[in-house]
Amino acid sequence: MKVRKAVFVLMLFALCLLGGCVQKNQQTEEEAEETPLIGISIYRYDDGFMKLYRDELEKYLQETYQARIVMRSARNSRLEQKEQVREFVSQGCDGVIVNLVSEDDGKVITEVCRKAGVPVVFVNRVPSAEETERWQEEKIQASSVSADFSQAAILQGEIILDTPNQGDINGDGIVSCTFLMGEDNGKNSRQEIQYSVKTLEEAGLQTEVLYSGYGSWERQRGKELAKKAVEAGEGRLEVIFCGNDTLALGAEEALEEAGIRPGQDIYLTGADGLQEAVNAVSEGRLTGTVWNDYTSQSHLAADVLMNLIDGKKEEVFYQVDYVKISMADALEKNTDKERSR
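Parameters at a glance
Residues numbered from 1 in each chain as written. Predicted model: local features only at pLDDT ≥ 70, side-chain atom pairs only at ≥ 80, totals over all residues. Heavy atoms only, no water. Helix = DSSP H or I, 4+ residues; strand = E, 2+ residues; numbered from the N terminus. Buried < 20%, exposed > 50% of the residue type's maximum accessible area, 1.4 Å probe, protein only. Contact = heavy atoms within 4.5 Å. Areas by Shrake-Rupley, 256 points an atom, 1.4 Å probe, with all protein chains shown as cover. Pairing = 2+ DSSP bridges. Right-handed = clockwise from strand over helix to strand, strands pointing away. Core = buried A, V, L, I, M, F, W, Y, C linked by side-chain atoms within 4.5 Å. Expected span 1.5 Å × (residues − 1). Polar contact = N/O pair within 3.5 Å; in protein donor to acceptor, adjacent residues only side chain to side chain. Axes fitted to C-alpha atoms, helices over the stretch in contact; angles between N-to-C directions. Salt bridge = Lys/Arg side-chain N within 4 Å of Asp/Glu carboxyl O. Parallel < 35°, antiparallel > 145°, perpendicular 65-115°, else oblique. Nonpolar A, V, L, I, M, F, W, Y, C, P; charged D, E, K, R; others polar. Left-handed = near helix turned anticlockwise from the far one by under 90°. Phe/Tyr/Trp six-rings, centres within 6.5 Å; stacked < 30°, edge-to-face > 60°. Lys NZ or Arg CZ within 6 Å of the ring centre and 35° of its normal.

A. Expanded view of the overall build of the chain. A count of helices and strands for the chain gives 13 helices and 12 strands. For the chain, the proportion of its 341 residues judged to be buried stands at 49%. Counted over contacts in the chain with a minimum sequence separation of 6, partners at least 24 positions apart contribute 74%. With the model as given, the accessible surface of the chain reaches about 16,800 Å², and the carbon-plus-sulfur share is 48%.

Spelled out as structure tokens, the structure:
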């Protein structure tokens, strides 16, 4: 009788535990349903800047909004990215964040989200002004957060103007330069980088572009393009403007291998403010870079999306400023980083 009683007590105890687990699982599922589910499509994962951006975005969404994240790499495929957005919608995502493979797909992706009643925020690469105006006119739950690359190019021009000879290293009265751009399917590559030269010209300098090429934002391609630029320059090349730091770091390697001293024989600028580039600036291997503030951009994108999900009104376009980093700035930035450790 005592044995049966003991068995009964054990069975009762087990049932209580099981009941507690079931209740706990039910609570966990209910809690999960109350937290927002966010779909994020990044144009490609191997981009150095976008890695920093997506890591910060995911961290901020989880810590600030307890969001559940479904993040995918579009692997630089327009077709794959559009399919990913459709999957986000079909999975019941409350909101979507898209780093476009191509600006031309902004309207298609917006329509997928609009028809499903899901807010969308575009980051870093954003649709055309015509498309964002349509959002406003038709009261579509869509917004965009980015930086203006023309501003980055202007700051690169200012970095060259701040050098002792304003970029005219050989003293012939002409600043001979090269553009190393990212991709030929984006407006940032085709147009905005030319603002660096316009900045020099507006300061009264004469310029000539000896070479330009597309490097897909890749370090090895930056190295290859820099070699071609040096050959095309035939000893006259003085400034290399790069669309991002990855291209600039590749170009720096090419110059070193050719026996050309970057920062002395040729000025070299980048964009994004990656830590490796900031280090190179502080050491004089890069003339300067401009910081693309991924922290402010990612936080703002998350806040805007969550407001749209809550039915609040947001602007259709937000812009975060670039910050110029010369050698003095880089040294200060690295010193501050060491102090914070």
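Having seen it, we continue.
B. View of the pairing of strand β8 (residues 239-242). What you see with β8 is no split at all: Val-239 and Phe-241 on one side and Ile-240 and Cys-242 on the other are buried throughout. Of the strand pairs in this sheet, strand β6 (residues 174-181) and β8 are connected by four bridges, and their pairing is parallel. By the bridge assignment for β8, Thr-178 is matched with Ile-240. With helix α10 (residues 245-257) bridging β8 and its parallel neighbour strand β9 (residues 267-269), the resulting β-α-β unit is right-handed.

C. Fine view of the nonpolar core. Counting residues in hydrophobic clusters, the biggest one holds 52 residues, and the most contacted among them are Ile-38, Ile-40, Leu-61, Ile-97, Val-121, Ile-240 and Leu-286. When near neighbours in sequence (up to four residues on either side) are disregarded, Leu-61 contacts Ile-38, Ile-40, Gln-66, Ala-67, Ile-69, Ile-97 and Ala-302. Among the nonpolar cores identified, the runner-up in size contains 20 residues, and Ala-147, Ile-193, Phe-241 and Ala-271 belong to it.

D. Up close: α10. Taking 1.5 Å of rise per residue, 13 residues should cover 18 Å, and α10 covers 18 Å from first to last C-alpha, within 8% of that figure. The buried fraction of α10 is high, at 10 of 13 residues. By the burial criterion, the buried members of α10 are Asp-245, Thr-246, Leu-247, Ala-248, Leu-249, Gly-250, Ala-251, Glu-252, Ala-254 and Leu-255. Where α10 is buried, its residues meet β6, α9 (219-233), β8, β9, α11 (275-282) and β10 (289-291). Backbone nitrogen of Thr-246 and a side-chain oxygen of the N-cap are separated by 3.4 Å at the start of α10; the cap is Asn-244. Downstream of α10 by a residue or two, Gly-259 has a phi angle that is positive, lying close to 80 degrees.

E. Layout of the sheet that holds β8. With parallel pairing, four strands are arranged side by side in an open sheet as β7-β6-β8-β9. Strands with a single pairing partner mark the edges of an open sheet, and in this sheet they are β7 (206-214) and β9. On average, adjacent strands in this sheet sit at an angle of 20 degrees to one another, irrespective of strand direction. Strand contacts of helix α6 (residues 149-161): β8 and β9, with the helix running at about 155 degrees to β8, the strand carrying the most contacts.

F. Region of interest: the environment of Asp-265. Within the element layout of this structure, Asp-265 appears in the loop between α10 and β9. With 10 residues separating them in the primary sequence, Asp-265 and Leu-255 have C-alpha atoms 9.4 Å apart. Residues within four places of Asp-265 in sequence aside, it is in contact with Ile-169, Leu-237, Gly-259 and Ile-260.

G. Highlighting the pattern of salt bridges. Applying the stated criterion across every chain, the model contains 24 salt bridges. In this structure, the salt-bridge partner of Glu-111 is Arg-114, at a minimum N-O distance of 2.7 Å. With Glu-111 and Arg-114 both in helix α4 (residues 106-116), this residue pair falls three residues apart, about one helical turn. You can call Glu-111 buried: its relative accessible area is 17%. Judged by relative accessible area, Arg-114 falls into the partly exposed class, the value being 39%. Three or more residues are tied together by salt bridges with common partners; here these are Arg-44, Asp-46, Arg-125, Glu-183 and Glu-218.

H. Representation of the packing of helix α3 (residues 78-90) against α4. Interhelical geometry of α3 versus α4 gives an angle of 10 degrees and a closest axis separation of 10 Å. Taken together, the axis directions place α3 and α4 in an arrangement best described as roughly parallel. Contacts from Gln-81, Lys-82, Val-85, Arg-86 and Val-89 of α3 reach α4 at Val-108, Ile-109, Val-112, Cys-113 and Ala-116. Looking at the contact of α3 with α4, its residues break down into seven nonpolar, one polar and two charged.

I. Main features of the packing of α6 against helix α8 (residues 195-202). At a closest axis distance of 7 Å, the pairing of α6 and α8 adopts a crossing angle of 45 degrees. With respect to their mutual orientation, α6 and α8 come out oblique. Like other packed secondary-structure pairs, α6 and α8 cross with a definite hand, here right-handed. Here α6 contributes Ser-150, Ala-153, Ile-154, Gln-156, Gly-157, Glu-158, Ile-160 and Leu-161 to the contact with α8, which in turn contributes Tyr-195, Ser-196, Thr-199 and Leu-200. Counted by class, the contact of α6 with α8 contains six nonpolar, five polar and one charged residues.

J. Fine view of the packing of aromatic side chains. Applying the stated criterion to the full structure yields five aromatic pairs. Aromatic side chains Phe-49 and Tyr-53 sit 6.0 Å apart centroid to centroid with 70 degrees between the ring planes, which places their arrangement in the edge-to-face category. In this pair, Phe-49 and Tyr-53 are both assigned in helix α2 (residues 48-65), four residues apart and thus about one turn of the helix distant. Among the residues examined, Tyr-53 registers a relative accessible area of 0% and is labelled buried. Here Phe-179 and Phe-241 contribute two aromatic rings whose centre-to-centre distance is 6.3 Å and whose plane-to-plane angle is 40 degrees, an arrangement assigned as tilted. On the criterion of sequence distance, the pair formed by Phe-179 in strand β6 and Phe-241 in strand β8 is long-range, its members being 62 residues apart. The burial state of Phe-179 is the same as that of Phe-241; both residues are buried. In textbook terms, an aromatic cluster arises when at least three aromatic residues are bridged by ring pairs, as seen for Phe-49, Tyr-53 and Tyr-294. Between the NZ or CZ atom of Arg-54 and the centre of the ring of Tyr-45, over which it lies, the distance is 3.8 Å. Here the basic side chain of Lys-198 rests over the ring of Tyr-195, its NZ or CZ set 4.7 Å away from the ring centre.

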